[in-house]
Every structure is written in structure tokens, then in C-alpha cells.
Amino acid sequence: MAFNAVEEGRTRVAREDAMQIYGQNPLPLFNLSLTLSTVALSILLVLAFSVGSHAEHAGITRNFEFNVTYLNISRLCHSKQVVSINGQLPGPTIHVNEGDRVIIKVTNFVDSNVSIHWHGVRQFRSGWADGPAYVTQCPIQSGDSYTYNFTVLSQSGTLWWHAHITWTRATVHGALIIHPKRGVTYPFQQPDDEVPLVLGEWWNAKVEDVFTEFTAVGGLPNISDAYTINGQPGPLYKCSTKDAFVMDVTPGKTYLLRIINAGLNNELFFSVANHTLLVVETDALYTKPFSTKTIFITPGQTMSVLLQANQSIGKYYIAARPYASAVNASFDNTTTTAILNYQGSSDSAQPILPELPEFNDTAFADHFDSSLRSLPTTDYPVNVPQTVDRSLFFTVGLAVKPCPLNHTCVGPNGNSLAAAVNNVSFVLPHVALLQAHYFNIQGVFTTDLPDQPAQLLDFTGKPPKNLEAAEGTKLTVIPYGVNVQLVLQDTSTLATENHPIHLHGYNFFVVGRGFGNFHPANSSSFNLVDPPQRNTLGVPAGGWAALRFKADNPGVWFMHCHLEIHNTWGLEMAFIVQDGNRPDQKMLPPPNDLPRCV
Ligand code: C2O
């Protein structure tokens with residue numbers, strides 16, 4: 001029974017999705033049904049191409065078309081032209097099942113370059129489809145296409161996709177939902193319905209201009225004018241009375257909210273008035289369910305929560321506003337709302353606002369992140385590396401770098417603001433790192449990012465006098481199969497801040513976290529039993545976090561702060577994970593249509 005309901009629901013959303021993606025054109029719809037009816041052939045194909053030990057998760061092939069087009073849009077009474085996928089904001093939702101092969105043809109119909117990242121997808125051996133510009137591919141030029149091709153394995157839940165070049169992801173993003181393998185149910189109460197809630201950020205100005213202006217002077221970008229839920233700011237903003245996403249619910253039913261923070265520069269608190277949220281999954285990995293009034297979600301993170309429509313019939317606000325951990329920095333302090341609308345509520349009912357934590361409520365953010373635990377199941381055993389082969393200690397924080405020639409910079413002492421990992425501010429090359437690695441192209445990167453800072457200082461105390469970071473394209477080489485421990489240490493240089501660090505191609509276990517400086521003695525209290533597993537983690541402001549992962553996916557994998565400001569300033573690095581000895585431990589060759597580097 002339950003399975004049928006879920007399966008029906010899934011088919012229905014898949015069909016709606018096809019409408020979204022292909023529009024009303026009957027021919028592509030026909031193509032889609034054709035695709036679905038050739039399941040047997042697809043299974044054969046998937047088996048033929050499946051990766052190593054994961055081959056048992058046979059699925060079907062799902063095809064999508066993403067056209068990068070301009071969209072004229074108006075919010076807060078400001079109209080502008082934005083870059084979009086298929087003219088939608090947020091972009092189309094992708095629904096797949098675990099085990100499916102996903103083929104997305106992206107064609108660029110705008111003037112600027114584009115590249116799409118499938119955030120959180122493990123991309124076993126298929127790094128060519130990961131998407132960050134100049135890391136795994138050169139961007140797709142105007143008029144060109146690139147077909148991303150990957151199989152979704154060993155993960156299930158809510159992920160998302162977004163542009164991965166300059167700040168284009170402000171309007172080029174959408175949900176990527178991995179349903180369980182066919183015939184498999186959730187390890188929690190089966191919901192009656194599922195609703196993606198994409199949290200975004202809106203500027204009245206063109207985001208391209210915001211980007212050009214602040215990068216030219218090495219200063220701070222203009223803050224956003226609004227946050228959005230599924231593209232709508234909600235009635236608390238001026239000129240937005242009607243611009244709210246409405247989620248209709250039936251009393252007594254259970255809903256799975258799939259929440260994505262697609263915002264550029266702000267970590268968010270999120271709550272639904274009068275309702276309790278049961279967290280069941282983060283970053284497409286199941287968690288021990290825990291109930292909370294409010295969730296804390298950083299850019300890059302995703303989370304699924306169950307909501308019971310068990311309150312009296314009426315309207316309730318779904319609301320989000322920022323957690324701003326950097327002292328004295330200006331930020332967009334507005335609140336976005338959507339409406340939870342009970343069937344039978346009167347049109348004139350006034351929604352109730354939830355109580356959200358204060359903007360600087362570090363204690364709440366810390367408590368929330370400390371409450372997460374992974375959920376071991378037969379399908380997803382929790383294999384925390386118990387031993388460490390390679391130990392890394394990376395500082396993550398702000399810095400300055402010299403102002404570029406012929407520019408005037410507004411950072412400290414006429415410098416440009418910067419951000420760095422182990423005091424190296426990352427410089428993106430003009431050739432993709434993965435190509436340089438795979439084809440042995442010299443002179444693109446070096447492999448000398450230090451495993452730890454030159455000096456072990458008091459990183460969170462009085463900031464150093466010398467704020468300047470080095471610049472370079474420095475990578476870290478990891479042999480296949482080793483267990484990596486990585487301690488990320490925030491610094492007080494310019495300001496301590498909660499940094500949402502995202503690792504491509506992997507999930508990692510968060511075995512420990514704390515405030516102040518990390519000390520080796522802290523490792524005695526690491527959780528090696530059921531630590532949360534994520535692809536993006538907020539390193540506590542003025543604190544540290546310790547991660548572990550097994551380097552079982554060869555390729556070049558970007559790791560960076562998911563606050564676009566810090567990303568732009570160079571808070572990035574990349575791992576080269578070498579091929580293993582077995583054929584199924586080696587990278588696949590690049591596809592023929594991989595964009596050329598010009
Ligand atoms: Cu969500 Cu490197 O990105």
C-alpha cells in the first residue's frame with residue numbers, strides 16, 4: 001500500500017517534471033515515455049557501464065534537456081534579465097532513483113560562459129561530469145552544448161544542481177531529488193506528499209554587475225535585497241504582497257520538505273510557525289531522526305524534514321532569515337516567508353510568524369549541528385574510518401592580497417580582500433585541473449599545498465599583524481584508498497566566521513567540532529561510531545571541525561567555502577585522488593564533447 005502510494009507519487013512528479021522541462025510540446029513528452037518504456041534496454045546499458053562494486057544498483061536512464069536562456073523577471077518591483085535554465089527560477093527539479101543513469105544535455109543560449117555542478121553527487125570515477133569551471137571542465141561557451149552523464153550510487157535524498165562559474169548560480173540552480181531504489185521505502189514514516197523548498201537570494205541589481213563591481217576594487221559586494229522560497233520573497237517585503245510560495249496541506253497528512261539553501265552568501269535559520277520539524281536526512285544521507293522547531297542550513301547544504309499537518313486549520317508562515325556569524329559585517333537581515341495553507345482555511349486568515357533565533361545565535365547553530373547523527377542501515381552502513389593514513393590541518397579564513405596592477409583597492413591598506421586555505425589564496429587556472437592531471441599538462445598547478453600551516457599559532461586569538469596570503473594553484477595529492485583526516489580551523493584574521501566548507505566527489509564524516517583552537521588531545525573525544533555524514537559542513541565561527549573520509553574516488557575534487565564571497569576571494573583548494581590499481585579504481589576517459597579550453 002505505502003509503496004504504491006510512493007511509487008504513484010513518484011511517477012506523477014516525474015510526469016510533471018517532464019512538462020516543466022520540455023514545456024507543453026507533445027513530441028518531447030513522447031520521447032520521455034519512450035525513455036521510460038525502454039527500461040530493459042536501459043538496465044542493460046547501466047549494467048554495461050556501471051562502476052565497480054556499485055554495479056548491483058541497476059536503474060534506468062533518465063534524459064533531461066537544460067537550455068541556458070535569458071529570463072525577464074520582476075521581484076520587489078524591480079525587473080531585470082537573468083540567466084536561467086529553461087526560463088525557470090528556480091530551475092527544473094530533477095527526479096531520479098538511486099541507481100539511475102542521468103544524462104543532461106546543457107546548451108548555452110546566453111552570451112556568457114556556463115558550467116553546471118551536480119552538488120553532492122558522488123560522481124564515482126566520472127569527475128568529467130562534476131562541473132566546476134576550470135576544475136573538472138572548461139566552461140560551455142555561448143552556442144555550445146555539453147552532455148553531463150553520471151550514475152547516482154550509494155546516496156538517496158535531497159541534493160541540488162547549480163551553475164559553478166562566477167556568481168551565475170544566483171539564478172541557475174534547482175533541486176536534484178534522488179528517490180530510493182525502486183521497491184525500497186524510506187527508513188522513516190512514508191510521507192503523503194513531498195515538497196522541495198529552494199531557499200535563494202535576490203538582488204535588485206544585476207548579479208553580474210554586483211560581481212564585477214566588488215571584484216574590481218577588492219572590497220565587499222553589495223548585500224542582497226531579499227531571500228526567497230521557491231523564487232518568491234513573500235509578503236514581508238515591500239511590493240510583494242502576492243509574491244509568496246503557497247504550500248497547500250490537508251489536515252492530518254504528513255509532508256516531506258526537501259530544503260535546499262541555494263543562497264549565495266548567507267547561512268539561514270528556517271522554521272514553520274506552530275509546527276515541529278523531524279530531520280530525517282542531510283545531504284542525501286539518512287540521519288537518526290531528531291525533532292526541532294528550527295533548522296540551521298548553510299549554503300550548499302540540503303535537508304529533508306517531516307512535517308505533520310496537525311495544527312488547527314489556518315495559515316502559517318514558513319520563514320527563513322540569516323545566521324550572521326561575522327561580527328560587524330553588514331548582511332541582509334530580512335526575512336523570507338512562504339505560506340503553509342491548510343485546506344479549508346479562510347482566504348482572509350492572517351498567517352502566524354514563527355519565532356526564529358537571533359541573527360548572532362551561535363549557540364543555536366552549534367546545538368543544531370551537534371545534534372546530527374548518521375543512521376546506519378543495511379543499505380547504508382556507517383563505515384567511519386577508524387584509522388588515519390593521512391592527517392591534514394587546514395586553516396580557513398580571511399586575508400588580504402596585493403591589489404592587481406592598475407586597480408585601486410578598498411581593502412585594508414589599499415589591498416584586496418582575500419580568503420585562503422593554509423594561507424594560500426587559490427587562483428583558478430585557464431585549463432581545467434582535471435584535464436591537466438589526466439593528460440599530464442605541465443605548468444597548470446603545483447602539488448605543494450602544505451599539509452599544515454607553517455607555524456601553529458593561536459589562530460582564534462589576537463589576529464596576526466601580517467594579513468597577507470600567498471596566491472597559487474596549489475593542490476594536495478592523495479593516494480587511492482587512504483583514510484584522510486582533515487581538521488578545518490577557522491581563523492580570526494579580519495573576522496572569525498562560520499565557513500560552510502564543501503567537498504566535491506565525497507561525503508565525509510564530521511567526527512568532531514569545537515570552539516577555539518584545535519588541539520591533538522581533542523581527538524580522544526571524536527565520534528567514530530555514528531558521526532553525521534555530509535558534503536558541506538559549517539566550521540564553527542572561531543572554532544574547528546574534524547572530518548574523515550576514505551579516498552575511494554579518483555579524480556580532481558574541489559573543496560571550498562560555499563559562501564560565494566569567500567569562494568571568489570580564494571577560499572578554495574583541490575584534492576587529486578590518484579587512480580587505484582584495479583581497473584574499477586581508475587578514472588573513466590573524458591567524453592568526446594568535453595568543452596575545449598580556449
Ligand atoms: Cu555547490 Cu563547488 O559547489
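The structure presented is a predicted model; accordingly, all values stated were derived computationally and were not measured.

Caption draft 1: Here's a closer look at the state of the cysteines. With the rule as written, the count across this model stands at three disulfides. The disulfide that involves C77 links it to C239, with 1.5 Å between the sulfurs. Of the two residues, C77 sits in the loop between β1 (61-75) and β2 (78-85) while C239 sits in the loop between β10 (226-229) and β11 (246-249), which places them 162 residues apart along the sequence. The exposed category is assigned to C77, whose relative accessible area is 54%. Note on cysteine connectivity: C138 is disulfide-linked to C597, with sulfurs 2.0 Å apart. Across the disulfide from C138 to C597, rotation about the S-S bond amounts to roughly 100 degrees, and the bridge is consequently right-handed.

Caption draft 2: Quick peek at the packing of aromatic side chains. Applying the stated criterion across every chain, the model contains 33 aromatic pairs. Relative to Y342, the ring of Y316 lies with its centre 5.5 Å away and its plane at 65 degrees, an arrangement referred to as edge-to-face. A residue pair is termed long-range when its members are at least 10 positions apart, and Y316 in strand β18 (residues 315-323) and Y342 in strand β19 (residues 336-342) qualify at 26 residues. When sorted by exposure, Y316 lands in the same class as Y342, which is buried. Both rings, one in F518 and one in F526, keep their centres 6.4 Å apart while their planes meet at 25 degrees; by these two values the pair is stacked.

Caption draft 3: Quick look at the sheet that holds strand β16 (residues 294-297). Pairing is mixed across the open sheet formed by five strands, whose spatial order is β11-β19-β18-β13-β16. The sheet terminates laterally at β11 and β16, the two strands that pair on one side only. This sheet shows a mean twist of 20 degrees between the axes of neighbouring strands, independent of strand direction. Inspection of the sheet shows β18 paired to β19 by six bridges, in the antiparallel sense. Bridging from a neighbouring strand, A319 pairs with T337 of β19. The strands that helix α5 (residues 362-370) touches are β13 (267-272), β16 and β18; relative to β16, the one it contacts most, it runs at about 90 degrees.

Caption draft 4: Quick look at the sheet that holds strand β8 (residues 173-179). The strand order across the open sheet formed by four strands is β3-β8-β7-β5, and the pairing between neighbours is mixed. Each of the sheet's edge strands pairs with one partner strand only, and the pair in question is β3 (94-97) and β5 (116-119). Averaged over neighbouring strand pairs, the angle between their axes works out to 20 degrees when direction is ignored. Where strand β7 (residues 157-163) and β8 come together, six bridges link them in antiparallel fashion. Note on β8: the bridge partner recorded for H162 is H173.

Caption draft 5: Structural detail: the domain arrangement of the protein chain. Each domain of the protein chain was delimited in the assignment, giving domain 1 (185-377) and domain 2 (390-585). For domain 1 versus domain 2, the distance between C-alpha centres works out to 27 Å. Taken together, the 34 residues of domain 1 in the interface contact 34 residues of domain 2. Of the roughly 2,700 Å² buried between domain 1 and domain 2 on both sides combined, carbon and sulfur atoms contribute 53%. At the boundary of domain 1 with domain 2, the tally comes to five salt bridges. Between D366 and R513 there is a salt bridge whose closest N-O contact spans 2.6 Å. Along the contact surface separating domain 1 from domain 2 lie 16 residue pairs in polar contact (both at pLDDT 80 or more). Secondary structure elements with two or more residues in the side of domain 1 that touches domain 2: α4 (207-217), β15 (285-292), β17 (302-308) and α5. In terms of residue count, the dominant contributor to the side of domain 1 that touches domain 2 is α4 (five residues).

Reading the values: rules and limits
Residues numbered from 1 in each chain as written. Predicted model: local features only at pLDDT ≥ 70, side-chain atom pairs only at ≥ 80, totals over all residues. Heavy atoms only, no water. Disulfide = S-S within 2.5 Å. Helix = DSSP H or I, 4+ residues; strand = E, 2+ residues; numbered from the N terminus. Buried < 20%, exposed > 50% of the residue type's maximum accessible area, 1.4 Å probe, protein only. Phe/Tyr/Trp six-rings, centres within 6.5 Å; stacked < 30°, edge-to-face > 60°. Pairing = 2+ DSSP bridges. Axes fitted to C-alpha atoms, helices over the stretch in contact; angles between N-to-C directions. Contact = heavy atoms within 4.5 Å. Domains from an automatic or database assignment. Buried area = accessible area lost by both parts, 1.4 Å probe. Salt bridge = Lys/Arg side-chain N within 4 Å of Asp/Glu carboxyl O. Polar contact = N/O pair within 3.5 Å; in protein donor to acceptor, adjacent residues only side chain to side chain.

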